[in-house]
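Analysis of the macromolecular model
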Amino acid sequence: MADTINLTTTTTSSTLEPVFSFLAQALTTLETTFYKLPGSAVIQRYVKSSHQNDPGRTILELILVVFAIRTLLQSRTRADRTGSHFIQFNKKEIDELVDEWAPEPLGAPLTPSEQYDLHALPIVAGQNGVKPKLVSTGKTAVNLASLNFAGLAGNEYIKERAVETLRKYGLGSCGPPGFYGTLDVHMDLERDIADFLGTEASILYSQGFSTVSSVIPAFCKRGDIIVADRGVNFAIQKGIQISRSTVRWYDHNDLESLEAVLQSIEKDRKKRRGPLTRRFIITEGIFERDGAMVDLPKIIELKYKYKYRLLLDESYSFGAVGRTGRGLTEIYNVPASKVDMLIGSCAIGLCAGGGFCAGSNIVVDHQRINGPSFVFSAAMPALLAVSASEGINIFRSTPSIFETLQENVRAARAILDKVEYLTIPSHPASPLIHIQIKPAYSPAASTSNALSSPSSSSSVGTPAPLSPPPSTAGSLHPVSAAMLTPTKHTRDHHEKLLLHPEVIEAEERLLQEIVDECLSQNVMVTKAKRLRGQENVEARPGLKLAISAGLTRKEIEKAVGVVKAVCVKVLGRRK
């Protein structure tokens, strides 16, 4: 029996010996080939170390490798060969379906008011500037609608330099700044901006709108705290939304409200014994919403007192205010280094394109790998960078343009401040002047009865307004009189009434009538454009005047005089 078993084993071994020899030879050949590959020794050491420390990990990695190979080899698209999930149509049915198909519109249809506004837009022949030529009349108009504060638009020397750059570099930049998109003129402009503002460095963005909406999420992350003004522009609102930070709002341009919010945050942190987090104050220099100007020294005082970082958007103040156009830091004589992130617009202030963020080297370098728009968007065209650099050179060599600009602003305000129908929330030094209809002459007065009736009280949220003082009861509508001297009890109601959709639509029609009448007299003004339903806080309708240093004082007085006369004419009908 034992001899039989030994014979069977010997026979089996003799039969499998060629197989074992082949496997051994194959493994030897595979091992020799593997060690000839570059980096094979590193992989060998990793596998030995991994198996020695955790054998189970080696098994798991082998399973993952097999799964990856299987995934790569299998078909990515498995066609249903049976056709059980498809409906079979004959040619006639297909033709009928094609004839019946109607594509969905790419956008919502325009409302009647939007259609009217679109047709009312003036068309300019040739280049834009302080005195463009209108296609409709063939006449030259005074432009108070374009943001050309320093009068750089149409500058002949800048145009010549832009053409030279276009011929040398071409039009596009061919890539993002970190990937073949950066040119020497971009680096020159970054140095020019940093030197002009007095900061360590600056970084360029190719679009003005995306500058601040990229800077905010580059620094502010989930769990951080942002304290922001309720009246910040839409780009800042989108940046805050993208950051996913904890947001606390304070009343528009009210620094007492800001300090109260900062105190409440600190009190809440101590109560919860929470850790310190990154904290930011975000505001504008001159607000796009209404032209108001922030008190920068007070903001910086609060920043140091409560240990916050300050992000200041000077898109509408850089190249617009200050002795040489440096913005609020120059007006208040505050070193730019005290502002952690100083944002400006090359498109508005320098009439070129894009925007910038100036600050310390650490702040700038962080954005080069974390700013979404800087990383993923193509760099600005070289000709725009050169145009912006030349604009800064003009600011340095000709600071008198800002004296002219302020003279024009004072001349315009001297005329507009005397109009009884208008209210101007803008700062006296702001070249961006917002004009709103006084509540007493607003359509809110004539529509208040319908809006405050029981059937509509739910939409307004308050009962009928209080009675006016005796001195005004006989001359003005009750709502108008109450709006002239609002009490704390009625203020919220009046604000809601002025922002009611019907009131907004009626005011927009009145303002468009003013715009059309001014254009007929060769003065271009524009309404303040709003994204109704998308902004955090609705703003009242208004006109927006952009004063330029490219016009003389007499030209400004004449053009603004036309605006005044038209406002009196249109709004006087409602008296």
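Conventions we followed
- Residues numbered from 1 in each chain as written.
- Predicted model: local features only at pLDDT ≥ 70, side-chain atom pairs only at ≥ 80, totals over all residues.
- Heavy atoms only, no water.
- UniProt positions renumbered as here; feature names shortened; annotations may be inferred.
- Helix = DSSP H or I, 4+ residues; strand = E, 2+ residues; numbered from the N terminus.
- Phe/Tyr/Trp six-rings, centres within 6.5 Å; stacked < 30°, edge-to-face > 60°.
- Buried < 20%, exposed > 50% of the residue type's maximum accessible area, 1.4 Å probe, protein only.
- Lys NZ or Arg CZ within 6 Å of the ring centre and 35° of its normal.

As annotated in an unreviewed UniProt entry, the protein chain is serine C-palmitoyltransferase from Candolleomyces aberdarensis. Turning to the protein chain, the UniProt record has this under Cofactor (unreviewed entry): "pyridoxal 5'-phosphate".

Take the environment of Asn-333 next. By the element assignment, Asn-333 lies in the loop between helix 13 (328–331) and strand 9 (341–345). With 36 residues separating them in the primary sequence, Asn-333 and Pro-297 have C-alpha atoms 8.9 Å apart.

This structure, assessed with the given rule, holds 7 aromatic pairs. On the basis of an interplanar angle of 80° and a centroid distance of 6.2 Å, the ring pair of Phe-196 and Phe-318 is categorised as edge-to-face. Here Phe-196 is found in helix 8 (residues 184–197), whereas its partner Phe-318 is found in the loop between strand 8 (309–313) and helix 13, with 122 residues between them in sequence. Since its relative accessible area comes to 2%, Phe-196 is described here as buried. Note on Phe-318: relative accessible area 1%, which makes it buried. A ring pair is formed by Phe-196 and Phe-395, whose centres lie 6.1 Å apart and whose planes are at 40°; its orientation type is tilted. Here the residue Phe-196 occupies a position in helix 8, and Phe-395 occupies one in helix 17 (residues 382–397), the gap between them amounting to 199 residues. Take Phe-196 and Phe-395: they sit in the same class, and that class is buried. An aromatic cluster is built from Phe-196, Phe-318, Phe-356, Phe-395 and Phe-402, whose rings are joined through pairwise contacts. The ring of Tyr-304 has Lys-303 lying over it, and the distance from NZ or CZ to the ring centre is 4.5 Å. The ring of Phe-196 is capped by Arg-326, whose NZ or CZ atom sits 4.1 Å from the centre of that ring.

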